[in-house]
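What follows is each chain in one-letter form.
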Amino acid sequence: MKSRKSGERVGVIRRDLQSVMMKHCSVFRHREGLTRARSEVAALKDRADRLVLDDVGETYNQDLLEAFELESILTLAEVILDSALAREESRGAHYREDFPERDDDQWLKHTLAEKSETGPRLSYKPVQITRFEPKPRVY
């Protein structure tokens, strides 16, 4: 992130990210939309490499803080999308139209994400069932 006269603005990329996530990773999800969103987020990350920072102050630089925040939310979007693509079931607020049922045999586990050179690396750990047995959500 450098101070430049031309390039991308934090607010524009942030707005575009909100639009991508709302369109493809909202309540109803499916592989096609999640895959498309993942490539769109990658493009937004590339655009974020060309940010313009108008405030070059060294004391309290709001532009710089917003740029750091944008970097974090772009990374979080990657984690959400990769996790949603990997989890081929519906559970809680994660509803996949292409996998509408829960699959406790495959997916009764926690998803963990770790930063790597190529993006989020997913791993899993078992759920310890204590007081409350998991059961399907009914409305």
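Everything discussed here concerns the structure shown above.
Residues numbered from 1 in each chain as written. Predicted model: local features only at pLDDT ≥ 70, side-chain atom pairs only at ≥ 80, totals over all residues. Heavy atoms only, no water.

A. Summary view of helix α1 (residues 10–24). For α1, spanning 15 residues, the distance from its first C-alpha to its last is 21 Å, which sits close to the expected 21 Å at 1.5 Å a residue. Those residues of α1 that fall on the buried side of the exposure criterion are Val10, Ile13, Asp16, Leu17, Val20, Met21 and His24. Viewed along the axis of α1, the buried residues span an arc of 135 degrees, placing them on a single side of the element. Those residues of α1 that are exposed and aimed more than 90 degrees away from the buried face are Gln18, Met22 and Lys23. Check the buried side of α1 and you find it contacts β1 (28–29), α2 (31–48) and α3 (62–86). (Helix = DSSP H or I, 4+ residues; strand = E, 2+ residues; numbered from the N terminus. Expected span 1.5 Å × (residues − 1). Buried < 20%, exposed > 50% of the residue type's maximum accessible area, 1.4 Å probe, protein only. Arc of directions from axis to C-beta. Contact = heavy atoms within 4.5 Å.)

B. Representation of the pattern of salt bridges in the model. Here the structure, examined in full by the defined rule, presents 16 salt bridges. Residues glutamate 89 and arginine 91 are paired through a salt bridge, measuring 2.6 Å at the closest nitrogen-oxygen approach. Taking the relative accessible area as the measure of exposure, glutamate 89 reaches 0% and is therefore buried. A residue is classified by how much of its surface remains accessible, and arginine 91, at 21% relative accessible area, is partly exposed. Between aspartate 104 and arginine 91 there is a salt bridge whose closest N-O contact spans 2.6 Å. Taken together, the residues aspartate 104 in helix α4 (residues 104–107) and arginine 91 in the loop between α3 and β2 (95–96) connect sequence positions 13 residues apart. Residue aspartate 104 is classed as partly exposed on the basis of its relative accessible area of 32%. Connected through salt bridges with shared partners, the residues Arg87, Glu89, Arg91, Arg102 and Asp104 form a single ionic network. (Salt bridge = Lys/Arg side-chain N within 4 Å of Asp/Glu carboxyl O.)

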